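# Examination of the molecular architecture
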Amino acid sequence: MSLFSTTYDVIVVGGGHAGSEAAAAAANMGAHTLLITMNLQNIAQMSCNPAMGGIAKGQIVREIDALGGYSAIVTDKTAIQFKMLNKSKGPAMWSPRAQSDRMQFAECWRTMLEQTDNLDFYQDSVNGLLFDDDKIIGVKTALGIEIKAKTVVITAGTFLNGLIHIGEKTFGGGRAGEGASTGITEDLVAKGFESGRMKTGTPPRVDGRSLDYSKMTEQPGDDNPEKFSYLATSKRLTKQRSCYLTYTNPKVHDLLREGFDRSPMFNGRIKSTGPRYCPSVEDKINRFATKDRHQVFVEPEGWTTVEIYVNGFSTSLPEDIQDKAIRAIEGFENVKFLRYGYAIEYDYFPPTQLTHSLETKLIKNLFFAGQINGTTGYEEAAAQGLMAGVNAALKVQGKEPFILKRNEAYIGVLVDDLITKGTEEPYRMFTSRAEYRTLLRQDNADLRLTPRAYEIGLASQERMDRVLEKQRKTDLLIAFLHKTSVKESDVNPILIAKNLSPVKQSMKLFKVASRPQLSFNDFVFIDSLKSFIDENAIDDEIIEQVEIHLKYSGYIEKEKNNADKLNRLENVSIPSQFNYNKVKSLSFEAREKLIKIQPTSISQASRISGVSPSDISVLLVYMGR
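All of the points below concern the structure found in this document. (Residues numbered from 1 in each chain as written. Predicted model: local features only at pLDDT ≥ 70, side-chain atom pairs only at ≥ 80, totals over all residues. Heavy atoms only, no water.)

What follows deals with helix α8 (residues 319-326). Taken together, the buried positions of α8 are I321, Q322, D323, A325 and I326. Contact partners of the buried residues in α8: β10 (163-166), α6 (250-257), β17 (307-311) and β18 (337-339). (Buried < 20%, exposed > 50% of the residue type's maximum accessible area, 1.4 Å probe, protein only. Helix = DSSP H or I, 4+ residues; strand = E, 2+ residues; numbered from the N terminus. Contact = heavy atoms within 4.5 Å.)

Further remarks concern the packing of helix α12 (residues 461-483) against helix α16 (residues 527-535). Orientation of α12 relative to α16, taken along the N-to-C sense of each, is 160 degrees, at an axis distance of 11 Å. With respect to α16, the element α12 is oriented roughly antiparallel. Where α12 crosses over α16, the two elements pack in a sense that is right-handed. For the pair α12 and α16, the contacting residues are L476, L477, F480 and L481 in the first and S528, L529 and F532 in the second. Looking at the contact of α12 with α16 residue by residue, the class counts come to six nonpolar, one polar and no charged. (Axes fitted to C-alpha atoms, helices over the stretch in contact; angles between N-to-C directions. Parallel < 35°, antiparallel > 145°, perpendicular 65-115°, else oblique. Left-handed = near helix turned anticlockwise from the far one by under 90°. Nonpolar A, V, L, I, M, F, W, Y, C, P; charged D, E, K, R; others polar.)

Pairing in this open sheet of three strands is antiparallel, and the strands run β3-β5-β4 from one edge to the other. Edge positions in the open sheet fall to β3 (51-53) and β4 (79-85), since each of these has one partner strand only. Here the strands of the sheet are splayed against their neighbours by 15 degrees on average, with no regard to which way each runs. Taken together, the three bridges between β3 and strand β5 (residues 95-100) define a ladder with antiparallel strand orientation. Bridging from a neighbouring strand, A51 pairs with Q99 of β5. (Pairing = 2+ DSSP bridges.)

In this model, N161 sits at a positive phi of 50 degrees, which is unusual for a non-glycine residue. Tracing the sequence through the fold places N161 in the loop between β9 (146-154) and β10. If you check the backbone angles, L358 has positive phi at about 75 degrees while not being a glycine. You can see L358 is positioned in the loop between β19 (342-348) and β20 (366-368).

Right, let's get into the pairing of strand β12 (residues 196-202). Where burial is concerned, most of β12 is hidden: six out of the seven residues are buried. Two elements, β12 and β19, share seven bridges in a ladder whose sense is antiparallel. From the neighbouring strand, T202 faces β19, where its bridge partner is Y342.

This part takes up the pattern of salt bridges. As enumerated under the stated definition, the model contains 38 salt bridges in all. In this structure, K498 and D522 form a salt bridge, with 3.5 Å as the shortest nitrogen-oxygen distance. On the criterion of sequence distance, the pair formed by K498 in the loop between α13 (488-497) and β22 (507-508) and D522 in helix α15 (residues 520-523) is long-range, its members being 24 residues apart. Judged by relative accessible area, which is 38%, K498 ranks as partly exposed. Since its relative accessible area comes to 17%, D522 is described here as buried. When the shortest N-O distance is used, the salt bridge between K530 and D534 registers 3.3 Å. (Salt bridge = Lys/Arg side-chain N within 4 Å of Asp/Glu carboxyl O.)

Let us look at the packing of helix α9 (residues 378-396) against helix α10 (residues 410-421). Interhelical geometry of α9 versus α10 gives an angle of 85 degrees and a closest axis separation of 10 Å. When the axis of α9 is compared with that of α10, the two are roughly perpendicular. Where α9 abuts α10, its residues E380, A383, Q384 and M387 lie against I411, L414 and L418.

Shown next, in the form of structure tokens:
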């Protein structure tokens, strides 16, 4: 049955973080797009913690913004607290994080999507896919309606055959209060796709009025909070809400252990893999039995709501155990539950079945993004959604795919890791996964990526103009520092105040500025520099760029050279469907992995687990290098 006469350019299945970014990106690229979701009230719902960003994740949100996505703008509009993490370390480690108002976040996302041209919405559940041989041509909904499309992006989150566990109780669902999605997995497996199961969990939500904050440590936001989006229209917070910190203790651990025999994690009912870096509280006390306490972050869910997210207490233990154990935490003695924690199992598809554009290898014009690819986290999902939406639109337009390399973006690392290495546990981004993290800082995502996005029509003229102006002013200030000298009488008071040796003659400003013991703010009041900054309207963002350049230019240059060397291997392409059985000198494991992954370049082949440097040498010889 077809009530839709339109053949859409792009259909996006699922309205979570991946689906929302995919729909926005495709529509903004000029593709006629339909977003189908089971509940239009829950678009971009924060199913787990009410926060965006964090270590490496904050860099991803800034990259999404630099490309023209919406996540950073929505976060800035709905933030209740902002922190720059790792500020005591080098700039490659600085990671922005914001607490959001959960209800405002979803409302703001929906409003922005509704104001996006070329985007239609439809509330229904997709439970079938329409194929024409090895090509997707549309979807079929629970109501039996067939909707045709040139490309389809599946962003089903935790909904594919989702199963919720609380103690010994199990019921179907994709999220608390919402049903599971069936049919899609079955259609894909029938087409030859390999599928698996993963697990994630969420902590209880409690009534903040029942907590005693005097027994906890207050965790305020930064004194001078920054923001996520590079756009001038995005504003910094002028007021913030605090989070709080408390701890579990041996009594809490003993009470939790009482429920282990009824835990779905330990009695065999949950067989799938959960996120290693965000374990449940029962998993923590089991794996780290020698630790007598674990952190519990008490996070408000918004400006006005009493609902509190108990971060660090993710669990699927029975309700009575959750209740007893949490009351033994300081400040939680009289707690009132709003909802219990639970675990959820769902289907995913090993991402080695995708190309770098996130299109499936088996079915043309079909793209996967988000937790269907085995990732965990809003930020990882949103990044994949944006890339899948862009590439679906480009496919319809008959253009080359948009692919980011590992030295261009954390998003490039994320996609390459997934399709080259695959994942057997929920994948989470860390700074350590990026070999070029000095290049991939949160402060320069716009300089790195906005020109790329502008070329394909995703980033706006406004964004491009801001990047050009930022680069112009950065270059201007660097040139000024290199050519301007300052007297020893201007510099020595600063040096003496820092217990540093005074200088005996005038010196160039850049020499002073590049000293690791000094910050730019130490000498910004020197008359000539202050006048230059005022006359040229140099703001803090430009000063940060210049300071990083002066102090880290050696490291940055070294990383660029390393990236260039590796990119030469990126240019040695491997023909599609290459017959590795012809290359007799390859190890058996390498041949097996190469046949499965089908890398497109020698560089990608070198990153496959099980392919050794000697195997790469053999391939290079075979390719005539």
